[in-house]
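Residue-level structural notes
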Amino acid sequence: MNYQYKVGAYNTEVRLNLLRTLHLFIILVLIASVSIIAGCQGESNKDTFPEVGQSLSKSMKQMDKQPGILLTGFAADPKVKQYKVGIEYDPGQISNEQLKQIVTDYLSHAASNLSPPNNWEEMLEPYQLRIEKLGDAQKTPVIAEKEIGSTEIKWFFE
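The rules behind each value
- Residues numbered from 1 in each chain as written.
- Predicted model: local features only at pLDDT ≥ 70, side-chain atom pairs only at ≥ 80, totals over all residues.
- Heavy atoms only, no water.
- Buried < 20%, exposed > 50% of the residue type's maximum accessible area, 1.4 Å probe, protein only.
- Helix = DSSP H or I, 4+ residues; strand = E, 2+ residues; numbered from the N terminus.
- Pairing = 2+ DSSP bridges.
- Expected span 1.5 Å × (residues − 1).
- Arc of directions from axis to C-beta.
- Contact = heavy atoms within 4.5 Å.
- Patch = residues over 30% accessible without salt bridge, like charges linked within 9 Å, V, L, I, M, F, W, Y side chains within 5 Å.
- Areas by Shrake-Rupley, 256 points an atom, 1.4 Å probe, with all protein chains shown as cover.
- Salt bridge = Lys/Arg side-chain N within 4 Å of Asp/Glu carboxyl O.
- Phe/Tyr/Trp six-rings, centres within 6.5 Å; stacked < 30°, edge-to-face > 60°.

Turning next to the pairing of strand 4 (residues 142–146). The buried fraction of strand 4 amounts to four of the five residues, a majority that puts the element mostly inside the structure. Of the strand pairs in this sheet, strand 3 (residues 128–133) and strand 4 are connected by four bridges, and their pairing is antiparallel. The partner of Leu129 across the bridge, within strand 4, is Lys146. Where strand 4 and strand 5 (residues 154–155) come together, two bridges link them in antiparallel fashion. Each bridged residue has a counterpart across the sheet, and for Glu145 the counterpart in strand 5 is Lys154.

So this is what it looks like as C-alpha cells:
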C-alpha cells in the first residue's frame, strides 16, 4: 500500500509539471503572436510613392478648373522621393492667399482619393514636394517647398 501512495504522489507531481509546462507554452505562443502582429502592423514596407504620385497627378484636373489658373503640370522623381507641381497663374486674378488655398484644396483632394483616405500632411510626410511657377518664372521659379519628414509647406512669395 505504501507503494501505491508513492505512485499516486508521483503521478500528481508529473501532472502538475505537465500542466505548468502547458501553461508556459500557451503564454509563450500568445507573446509570440502578439509580437508578430504588432510588428506587422507597425511597419509597412509597401512603397506608396507611385500611388501618391498617381493621386496627385489625377487631382491636377481640379486645380485646372480654378479661375486664374492658366496651366498646371506634374512630375515625380522616385530616386529622391520628390513630387513637382508646376502652376502658371494670373496674379491679377489670384492673390497669394488664394493660391495657397487652391494648392491646399488640391492636396486634400489627392489625399482623399487614396485608400484609405487620409490628410495630405500624412500622405506627403515621407516625400519632398516642390511647387514651381510655370511661364515667366525668371524671378522666383520655386513658389513653395516641403521637405521629407516635414508636414509644413514653406512658401516663397515675392
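After that view of the structure, there is still more to cover.
Our next topic: the sheet that holds strand 1 (residues 69–77). With mixed pairing, the five strands of this open sheet are ordered in space as 1-2-3-4-5. Of all strands in the sheet, those bounded by a partner on one side alone are strand 1 and strand 5. Looking at chain direction, strand 1 and strand 2 (residues 82–89) are connected through eight bridges and run antiparallel. Considered in strand 2, the bridge of Leu71 is made with Glu88.

Looking now at helix 4 (residues 96–112). Taking 1.5 Å of rise per residue, 17 residues should cover 24 Å, and helix 4 covers 24 Å from first to last C-alpha, within 8% of that figure. Taken together, the buried positions of helix 4 are Leu99, Ile102, Val103, Tyr106, Leu107, Ala110 and Ala111.

Attention now moves to unusual backbone geometry. Across the junction of Ser115 and Pro116, the peptide omega takes the value -5°, indicating a cis bond. Here Pro116 shows up in the loop between helix 4 and helix 5 (120–124). A positive phi angle is found at Lys81, which is not glycine, with a value near 55°. Topologically, Lys81 is positioned in the loop between strand 1 and strand 2.

By the burial criterion, the buried members of helix 2 (residues 49–58) are Phe49, Val52, Gly53, Ser55 and Leu56. Take helix 2 and look down its axis: the buried residues cluster within an arc of 165°, on one side only. Facing away from the buried side of helix 2, by more than 90 degrees, are the exposed residues Pro50 and Lys58. In this fold, the buried residues of helix 2 make contact with helix 3 (60–64), strand 1, strand 2, helix 4 and helix 5.

With that settled, the discussion passes to a nonpolar patch on the surface. Taken together, the side chains of Leu19, Leu22, Phe25, Ile26, Val29 and Leu30 define a hydrophobic patch exposed on the protein surface, amounting to about 560 Å² of accessible area. By the element assignment, Leu30 lies in helix 1 (residues 2–42). For Leu30, a relative accessible area of 52% translates into the label exposed.

We describe a pair of aromatic rings using the distance from one ring centre to the other and the angle between the two ring planes. Taken as a whole and assessed by the stated rule, the structure comprises four aromatic pairs. A centroid spacing of 5.3 Å and a plane angle of 65° characterise the contact between Phe49 and Tyr127, whose relative ring orientation is edge-to-face. Here Phe49, found in helix 2, pairs with Tyr127, found in the loop between helix 5 and strand 3; they are 78 residues apart in sequence, far enough to count as distant. Pair check on accessibility: Phe49 and Tyr127 agree, each one buried. Each residue in the set Phe49, Phe74, Tyr83 and Tyr127 is aromatic and connected to the rest through ring pairs, giving one cluster.

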